[in-house]
Amino acid sequence: MITLQIDGREVEVVPGTTILKAAEKAGIEIPVFCYHPRLAPVGACRMCLVRIEKMPKLQPACTTVVAEGMVVRTDTDDVMQSHEGVMDFLLSTHPLDCPVCDAGGECELQDNAMRYGSNESRFADPKRHFKKAWDLGPMVELDQERCIMCLRCIRFMSDVAGDPALTLHERGTHVVVDVADGRRFDSIFAGNTIQICPVGALTSRPYRFRARPWDLDVVDSICPHCPVGCHVALSLRHGDLLRVQSRDSEEVNWAWLCDRGRFGYGFVHRGPRLTQPMLRHSGALTVVGWHDALGALRAGLRGRVGALGGGRSSLEAQYLMRRWLREAVQTENVDHRVLPLTSAIPPGPVGRIDDIDTADLVVLIDAEVLEEAPVLALRLRHFATLGLRLVGVSERGSLLDLPYEDIRTEDVAGTLLEMAEGRGSLGGALLGAKKVLLLWSGRGMGQREAIGEIVRRRAGETYTMVVGSLGNSYGAEAAGLLPGEGGLDARGMLEAAARGDLDGLFVMAQDLYDFPDHELVDAAIARIPFLAFAGTVPGHTSEQAHVVLPLAAWSESDCHLVNMEGRAQRCYAGVSHPGETRDDWRLFADLLGLDWGLQEVMQAVRADLPELFGQHRPQGGPVPRDGYVATPGLIFGASIFHKGVLPDPLLDRLPRPPDVTLGEERARMLGLADGDTFELGGERVKVRVSPDLPAGSLLVRAGTLPAGRPAPCSTALGWREGGDRRCCRSSSSS
Amino acid sequence: MNAENTRRAEQLLGSFPNRSSALIPILHLVEDEFGFIPEGEVESVAAMLDVTKAYVESVLSFYTLFHRQPTGKYLVQVCRGLSCHLRGGDDLARFLYEELGLRRNGTTEDGLFTVEEVECLALCKDAPVIQVNLEYRPNVSRADLAKFLRQAREGVTADA
Amino acid sequence: MPEKRLLLRNLHVPGIAGIETYERTGGYRSLRRAVLELGPDAVLQEVMTSNLRGRGGAGFPTGRKWSFLPKDGRPRYLVCNGDESEPGTCKDQEIIYRLPHLLLEGVLTSAYAIGAEQAFIYLRGEFKEGYRILEQAIAEARAGHYLGDDVLGSGRRLEVSLYLGAGAYICGEETALLESLEGRRGLPRLKPPFPATAGLYGMPTVVNNVETLAAVVPIVEMGGAAYAQLGTEGSAGTKIFSVSGHVRRPGNFEVELGKVTLGELLNDLAGGPPEGRKFKAVIPGGSSVPYLTPDKFDTPLDYESLKAAGTMLGSGGVIVLDDSVSIVDASLRLMEFYRHESCGKCTPCREGTMWLQQALERLHGGEGRRGDLLTIQGLCEHIDGQTFCPLGDAAIAALGSALRIFRDEFDQSIPGGRDRRVEEVAR
Ligand SMILES: Cc1cc2nc3c(=O)[nH]c(=O)nc-3n(C[C@H](O)[C@H](O)[C@H](O)COP(=O)(O)O)c2cc1C
Ligand code: SF4
Ligand code: FES
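Worth saying up front: this structure is predicted, and the values here are computed from it rather than measured. (Residues numbered from 1 in each chain as written. Chains lettered and ligands numbered in written order. Predicted model: local features only at pLDDT ≥ 70, side-chain atom pairs only at ≥ 80, totals over all residues. Heavy atoms only, no water.)

Undergrad: Sorry if this is basic, but what is going on with the packing of aromatic side chains here?
TA: What describes a pair of aromatic rings is the distance from one ring centre to the other and the angle between the planes of the rings. Tallied over the entire structure, the rule returns 26 aromatic pairs over all chains. Look at B:Phe113 and B:Phe148: their rings are 6.0 Å apart centre to centre, the planes differ by 70°, and that puts the pair in the edge-to-face class. With B:Phe113 in strand β3 (residues 113–118) and B:Phe148 in helix α7 (residues 142–154), this pair connects stretches of sequence that are 35 residues apart. Of the residues examined, B:Phe113 reaches a relative accessible area of 0% and is grouped as buried. Accessibility expressed as a relative area gives 4% for B:Phe148, which makes it buried. Ring centres of C:Tyr169 and C:Tyr338 lie 6.2 Å apart, and the angle between their planes is 70°; this geometry places the pair in the edge-to-face category. Remark: C:Tyr338 occurs in helix α13 (residues 327–341) and C:Tyr169 occurs in the loop between β3 (159–164) and α8 (174–181); sequence separation between them is 169 residues. The exposure classification of C:Tyr169 matches that of C:Tyr338, with both residues buried. It is A:Arg617 that lies over the ring of A:Tyr463; its NZ or CZ is 3.6 Å from the centre. For C:Arg53, the ring lying beneath its charged end belongs to C:Tyr303, and the centroid distance is 3.9 Å. (Phe/Tyr/Trp six-rings, centres within 6.5 Å; stacked < 30°, edge-to-face > 60°. Helix = DSSP H or I, 4+ residues; strand = E, 2+ residues; numbered from the N terminus. Buried < 20%, exposed > 50% of the residue type's maximum accessible area, 1.4 Å probe, protein only. Lys NZ or Arg CZ within 6 Å of the ring centre and 35° of its normal.)

What follows is the structure, given as structure tokens:
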């Protein structure tokens with residue numbers, strides 16, 4: 001430890017600490033602009049200069065490392081003058097258009113000017129002129145005149161996101177931040193630059209001019225879109241959710257979010273919502289009261305019935321749903337795995353996100369981290385540049401835009417088993433590494449078993465996390481939304497329905513067409529006598545249901561979501577519920593006849609599922625019955641940027657992977673070329689032909705397809721022998 | 001880039017301990033060939049070094065010897081460093097502007113001359129100094145300039 | 001007061017840029033001696049003993065700088081700083097264009113001494129002919145086995161690569177130079193780490209000025225001790241001063257440090273002021289140091305004396321202003337330079353130089369306002385010592401002294417008379 005003195009106070013810090021951090025520890029504030037706690041310091045703005053005894057010049061606190069016995073002063077006259085100077089300089093060229101600036105009220109330039117500036121600016125010369133407010137990309141707007149050259153955005157993009165989309169152009173007084181000529185700033189991490197910009201140079205297009213910060217209520221929540229469970233803060237005005245920002249979390253997301261998380265809140269207000277309970281009367285859905293709707297649900301779910309979904313529900317709802325199904329409905333036909341998924345809880349010890357920090361080897365198994373759990377990619381990149389070894393084992397490659405060892409195989413499970421036995425190109429390294437983290441898509445029983453084998457055979461620490469599930473699939477599985485003894489899984493239920501062997505089906509907050517075999521879903525819906533749907537937004541399932549129950553959105557409910565680490569994280573409610581919507585857990589409490597409040601349900605959950613709230617890592621899930629089974633040649637990719645997941649008009653603006661990717665041979669067979677579009681269920685879908693895929697295979701984004709009347713994608717592409725290929729009208733790209 | 005320069009660029013990529021170092025020399029090749037850095041070349045240079053176009057633009061815009069607009073056959077750089085200024089450098093610039101009908105730094109319509117006032121050219125002892133296509137002309141007078149312009153227009157001046 | 005020519009000794013020998021003439025006049029003897037007789041450690045020792053100080057501006061002892069390289073087996077680099085962009089300085093240009101083999105021999109000998117296989121010579125973009133001249137010299141030296149895989153049969157490998165910058169004064173600053181050499185924007189790097197531990201491509205690196213490395217040749221030839229006998233205790237050896245501006249015989253003059261006064265340099269060597277004029281002021285060390293007025297012309301030209309006189313030796317670019325010059329005009333011209341060359345990384349330099357230029361433009365155009373001088377003074381104080389790299393300090397060094405020395409002239413440029421408040425501040 002090193003002891004130094006700052007403004008007369010003794011501070012003890014570890015070697016290598018900067019003066020700025022030491023001062024923070026001593027409770028002394030030093031003003032900054034270019035410094036950001038999650039970025040490497042650069043010392044460019046010169047706002048943080050301090051006086052160090054025996055040094056002739058003032059020194060930047062953000063980059064100067066402490067030394068034993070150092071005597072620092074942050075309150076001398078020359079330090080104060082230096083603050084004034086930097087403020088003067090920055091304000092001299094700043095447009096000072098605070099009244100029309102989105103950042104007004106949460107602007108570090110304003111804040112520092114209040115505290116450290118002089119009363120009047122001496123600058124009376126004409127100001128520089130740069131490009132004002134224009135769209136840099138789908139979500140971000142730039143005003144070069146407001147920029148104070150802290151370089152935070154540029155450093156974030158190049159050092160953290162690994163995509164130098166933003167760069168400096170020109171030099172000296174002409175220097176500006178910009179994208180390349182003709183390029184759009186469309187990184188999936190672009191939104192982070194808005195939040196770390198200390199002024200109003202980078203602003204959010206969706207949020208622009210919507211509110212002043214002092215009118216906003218802010219509540220803490222968790223992002224619901226993927227199993228990372230990033231910490232977010234919701235900004236609300238008069239109950240409207242206007243903005244999602246990140247909250248710093250050392251264990252989960254650092255200070256970052258992906259743009260799906262930051263901008264994907266449109267389903268709450270922007271699109272259509274289910275707001276009234278409805279019953280189908282002579283073919284049409286009509287509004288009824290909750291009492292009647294619940295009565296109809298109880299009456300309809302009799303005999304041979306089942307329940308699907310719940311991976312997007314709150315933990316509280318999942319817990320009560322399972323109890324209701326077991327105690328009241330008395331069925332073991334339960335499955336949350338509507339999307340292709342085998343299990344959300346891996347076999348063996350469950351990893352933690354910060355295991356990445358100390359792992360010697362991370363293996364990405366069939367996982368597309370950038371599409372499925374984007375923020376993880378930032379942590380992986382950080383430690384990869386520090387020497388963490390990354391290996392990918394998959395059919396499709398291109399899992400991460402980072403250098404990694406890419407093991408391509410059409411038999412992922414077999415390759416993993418080989419490795420578990422110490423064979424193959426990676427076997428030795430895998431068995432030899434001290435600490436290994438496996439990031440798995442969660443798809444394929446064979447892969448699950450092979451992972452179990454690796455865990456058994458390795459001597460050192462081995463942890464696994466499932467990256468390809470929904471925002472709360474872990475909770476669903478922990479709460480028991482899996483087929484019980486003798487129960488059917490998702491496919492089993494749909495097949496039974498299609499045969500006429502199922503009398504009723506309850507669907508919880510998920511579209512049945514998330515299930516990849518759309519023909520089977522069609523057949524099931526056609527034969528099922530009773531279909532009930534509970535959820536937030538309308539979709540194909542609600543349109544055909546006999547009973548529709550409107551639920552509150554995640555931002556409207558006090559609840560927990562469980563992330564891929566098995567960590568139950570608390571979401572606070574933003575607003576009262578629109579229309580007749582109810583909290584999802586309340587639905588089941590009512591069905592169970594429990595007169596419970598939030599406290600009671602949370603207590604019950606905690607008592608029954610203590611491992612989700614504890615300090616210790618969970619030890620892995622039970623072997624799930626059935627679930628997703630891989631079809632040779634048909635690859636499913638999940639992507640949270642796909643609109644099938646949660647509809648949102650803003651999503652169209654985000655870059656997203658192609659809906660359908662073909663191996664070269666498959667493309668030849670179908671007469672399709674890269675960039676061709678074809679019509680699928682009323683939607684035009686663009687095809688990518690990729691040499692990265694096994695030549696004969698087809699990759700579809702699960703949950704993608706399509707709006708309107710869904711067509712069976714596998715048939716459309718001539719996947720099935722003798723399938724109907726007439727709906728596949730290819731045309732060349734425009 | 002023409003074939004010869006492409007070959008040289010490829011050679012440059014391998015001639016430093018780190019490929020990134022080849023960027024500025026390759027941009028020099030482009031500037032030499034075209035008299036500026038055309039948009040399309042930015043893209044191909046970026047591809048060559050496996051960096052983004054934004055990155056290349058960012059680097060080249062830092063340096064004054066890379067131009068984004070075409071320059072004339074003769075790039076005339078008039079030194080305005082203090083030493084040249086003291087010995088009449090600005091008068092040379094004024095003379096060129098008058099003779100060529102330019103208002104400030106710019107290129108004549110016939111594409112023959114680009115005039116730029118530049119910072120100290122490091123030949124202060126021979127002030128005033130100009131460079132024509134990066135070759136020094138020390139102790140230049142109005143008369144020297146007039147002669148240079150005449151010869152250049154007649155195409156007599158050795159290409160340099 | 002004669003010159004003492006070590007580096008420029010054979011400047012006027014016809015054909016000295018070619019290797020034959022260079023060898024005939026004693027060239028490459030130092031490299032031979034270094035490689036075949038002394039060995040690297042002894043060469044380093046000679047340079048230590050010589051008390052040679054860096055000629056690029058900062059005057060840091062060269063032997064000390066070399067000794068900072070960690071001995072850890074990593075590849076190390078020597079980078080020769082041929083960016084020469086400091087206004088008023090044209091000594092490196094002369095060496096590069098006319099004595100290319102002297103520079104090359106200095107670079108090779110130094111690279112040998114510090115154990116670098118690879119040296120780079122970074123030239124400012126405008127030295128394009130110099131690049132070709134050095135290219136030719138390298139080819140000749142390679143043929144003579146002075147560089148290549150087996151230098152002079154010693155088994156040592158020495159390579160020299162040329163690198164052409166592209167127009168940016170800041171690339172003379174050593175870390176910005178390294179950035180540029182790595183193919184990036186020339187922005188100065190954060191120090192520490194210093195180049196000695198993490199320089200070019202993150203490897204241990206020594207950056208030295210052209211004149212510094214050229215001086216290694218006579219040092220090895222005559223021995224460090226003999227070199228140290230020249231000059232004064234703190235300022236050993238000879239130094240080239242580039243005299244430009246208002247003198248009758250501008251030129252590069254190599255003199256023994258401390259043995260010649262500024263007045264002698266200007267009057268005896270450079271021929272005095274132009275017909276009918278008087279000297280007004282001199283910036284003795286390139287444009288980045290304070291002015292000296294004729295009452296200080298008896299100052300000997302060495303690091304310590306110039307410092308005591310309130311200025312610096314810097315790069316040795318002596319810019320001479322006679323009494324016809326308007327100090328506001330000269331100040332504006334210099335500030336335009338620094339504003340143009342500020343890299344833009346740090347606030348005080350980026351914004352301060354622009355603000356100062358605008359204020360000086362107003363004074364220059366006869367539109368100065370009361371309070372402008374106070375503003376200028378305040379701006380200088382807000383830049384002084386607070387920028388990321390020394391360019392900020394450089395930008396205000398001459399202006400600050402001009403404001404002190406020629407306050408009347410600044411005052412008179414403001415319609416409505418003197419700015420009293422400045423007087424108070426200045427006291
Ligand atoms: C703004 C700035 C410009 C500089 N320009 C040059 C230059 O053109 N040539 C040079 O040799 N050193 C220049 N220097 C000094 C270098 O940073 C460095 O100190 C020098 O190259 C070291 O060599 P030396 O020890 O041999 O003097 C400059 C420094 C600064 C701050
Ligand atoms: S002082 Fe600052 S802006 Fe100026 S050149 Fe140095 S780092 Fe760049
Ligand atoms: S915060 Fe230290 S220089 Fe910007």
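Undergrad: How should I be thinking about the domain arrangement of chain A in this particular structure?
TA: Residue and element names in this part refer to chain A. The assigned domain composition of chain A is domain 1 (2–75), domain 2 (128–269), domain 3 (278–341 + 473–608), domain 4 (353–466) and domain 5 (634–730). Measuring from the centre of the C-alpha atoms in domain 3 to the corresponding centre in domain 4 gives 33 Å. Counting residues at the interface gives five residues for domain 3 and nine residues for domain 4. Between domain 3 and domain 4 lies a buried interface of about 560 Å² when both sides are counted; carbon and sulfur atoms form 67% of it. The largest per-residue losses of area from domain 3 upon contact with domain 4 belong to Leu341, Met564 and Glu565, which jointly make up 81% of the total buried on that side. The interface formed by domain 3 and domain 4 contains one residue pair in polar contact (both at pLDDT 80 or more). Grouping the constituent residues of the side of domain 3 that touches domain 4 by class yields three nonpolar, one polar and one charged. (Domains from an automatic or database assignment. Contact = heavy atoms within 4.5 Å. Buried area = accessible area lost by both parts, 1.4 Å probe. Polar contact = N/O pair within 3.5 Å; in protein donor to acceptor, adjacent residues only side chain to side chain. Nonpolar A, V, L, I, M, F, W, Y, C, P; charged D, E, K, R; others polar.)

Undergrad: What am I meant to see in the nonpolar core here?
TA: Within soluble globular proteins, side chains that are nonpolar generally end up buried alongside one another. The biggest cluster of nonpolar side chains holds 192 residues, and the ones touching the most others in it are A:Leu376, A:Leu380, A:Leu400, C:Tyr291, C:Ile376 and C:Phe410. By size, the runner-up hydrophobic cluster in this structure holds 72 residues, among which are C:Leu44, C:Ile96, C:Ala111 and C:Leu147. (Core = buried A, V, L, I, M, F, W, Y, C linked by side-chain atoms within 4.5 Å.)

Undergrad: Would you explain the interface of chain B and chain C in this entry?
TA: The extent of an interface is frequently quoted as the accessible surface area lost upon association of the parts. Taken together, the contact pairs 37 residues of chain B with 58 residues of chain C. Roughly 3800 Å² of surface becomes buried between chain B and chain C when both sides are summed, with 59% attributable to carbon and sulfur atoms. In this structure, the connection of chain B to chain C is made through five salt bridges. Viewed at the interface, chain C and chain B are joined by 26 residue pairs in polar contact (both at pLDDT 80 or more). (Salt bridge = Lys/Arg side-chain N within 4 Å of Asp/Glu carboxyl O.)

Undergrad: Hey, could you run me through the site of ligand 1 in this one?
TA: All names here are of chain C. For ligand 1, the set of nearby residues contains 17 residues, the closest of which are Gly56, Asn81, Asn208, Asn209 and Thr212. A distance of 2.8 Å separates an oxygen atom of ligand 1 from a polar side-chain atom of asparagine 81. Separating an oxygen atom of ligand 1 from a side-chain N or O atom of asparagine 208 is a distance of 2.8 Å. Protein contacts shield 90% of the accessible area of ligand 1, which totals 610 Å² for the unbound molecule. The element that contributes the greatest number of residues to the shell around ligand 1 is strand β4 (residues 205–209), accounting for three residues. Classifying every residue of the shell around ligand 1 by side-chain character gives three nonpolar, eight polar and six charged. (Near = heavy atom within 4 Å. Areas by Shrake-Rupley, 256 points an atom, 1.4 Å probe, with all protein chains shown as cover.)

Undergrad: Teacher, can you tell me more about a positive patch on the surface here?
TA: Taken together, the side chains of A:Arg184, A:Arg210, A:Arg270 and A:Arg653 define a basic patch exposed on the protein surface. Inspection of the secondary structure assignment puts A:Arg210 in the loop between β10 (202–204) and β11 (217–222). (Patch = residues over 30% accessible without salt bridge, like charges linked within 9 Å, V, L, I, M, F, W, Y side chains within 5 Å. Lys, Arg positive; Asp, Glu negative; His and termini not counted. Charge placed at Lys NZ, Arg CZ, Asp CG, Glu CD.)

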